[in-house]
Amino acid sequence: MSPSSANVDPAELAKFSELAHRWWDTESEFRPLHEINPLRLGWIDSIAPLHGRRVLDVGCGGGILADAMARRGAEVTGIDLATKSLKVAQLHALETGTPNIQYREVSVEALADESPAAFDVVTCMEMLEHVPDPGSVVQACSRLVKPGGWVFFSTINRNAKAFLLAIVGAEYVLGMLPRGTHEYAKLIKPSELATACRSAHLDVQHSRGMEYNPLTRRYALSGDTSVNYLLACRRAQA
């Protein structure tokens, strides 16, 4: 499946490719991803211990989460369709000697056709809101994980509070993200994502919210899923 026919928005690819060289600059536009990474990594590892697991990171970008999971002892494959971002991820792994990690430029749907039920854990973080058909990604993630395996998603809710905090606040007031990073119409309600998961034979087991305190400039996991949220799903046993 070529990028032109894949489930991808060329404008989104261009957006992230333009910033590719800044992925590992912790003071860049990707600073929020670096700051939330320990939280999401710890949450994933607490539910599906990563050591010794075969893990796929879908929409890996520059490899921030994929690299961290490999350092927890997982055998990690990161996939993306943004060529420049993947090259940055590969270079970082080479420079820092990250063990047991590889990156591939392939769509999640194409990989699901190629390697069904090949992974113990699949992560898809901060990606669903950037693709034309998020349901197709959810289906492919389900096909890629082994029966009984775990799939983790994170995205942004679609409501007035999320619009004010995640778009107006983060992009226009605080300048934490480049303007235009998120489009309100593409945001996904937890109920919508849960429905997509169920239709893909994924059972939602856990959910968590992620909150940002602008005074302390710190993120924390919470029970409030009204803005940023994560879902942990388990693939039905065969």
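Up top is the structure these notes are about.
What you see is a predicted model; the values in this text were computed from it and never measured.

This part takes up the nonpolar core. With 35 residues, the main nonpolar core has Leu50, Val55, Met69, Val76, Ile101, Tyr103 and Phe152 as its most contacted residues. Elements that contribute at least two residues to this core include exactly helix 2 (31-47), helix 3 (64-71), helix 4 (83-96), strand 3 (101-105), strand 4 (119-125), strand 5 (145-156) and strand 8 (228-235). Ignoring anything within four residues of it in the chain, the contact list for Val76 reads Val55, Ala66, Met69, Ala70, Asn100, Ile101 and Gln102. Counting 32 residues, the second largest nonpolar core, distinct from the first, contains Leu56, Val122, Val151 and Ile188.

Turning our eyes to something else, we now look at a nonpolar patch on the surface. The grouping of Phe163, Leu164, Leu165 and Tyr184 at the surface amounts to a nonpolar patch, some 380 Å² of accessible area in total. Relative to the helices and strands, Tyr184 resides in the loop between helix 7 (160-173) and helix 8 (190-199).

Another aspect to go through is the pairing of strand 5. Burial analysis of strand 5 places 10 of its 12 residues in the buried class, the great majority of the element. Direction of pairing for strand 4 relative to strand 5: parallel, over a ladder of 6 bridges. What sits directly across from Cys124, in strand 5, is Phe153. Across 7 bridges, strand 5 lies against strand 8 in antiparallel orientation. Directly across from Trp150, in strand 8, lies its bridge partner Arg234.

What counts and how
- Residues numbered from 1 in each chain as written.
- Predicted model: local features only at pLDDT ≥ 70, side-chain atom pairs only at ≥ 80, totals over all residues.
- Heavy atoms only, no water.
- Core = buried A, V, L, I, M, F, W, Y, C linked by side-chain atoms within 4.5 Å.
- Buried < 20%, exposed > 50% of the residue type's maximum accessible area, 1.4 Å probe, protein only.
- Helix = DSSP H or I, 4+ residues; strand = E, 2+ residues; numbered from the N terminus.
- Contact = heavy atoms within 4.5 Å.
- Patch = residues over 30% accessible without salt bridge, like charges linked within 9 Å, V, L, I, M, F, W, Y side chains within 5 Å.
- Areas by Shrake-Rupley, 256 points an atom, 1.4 Å probe, with all protein chains shown as cover.
- Salt bridge = Lys/Arg side-chain N within 4 Å of Asp/Glu carboxyl O.
- Pairing = 2+ DSSP bridges.

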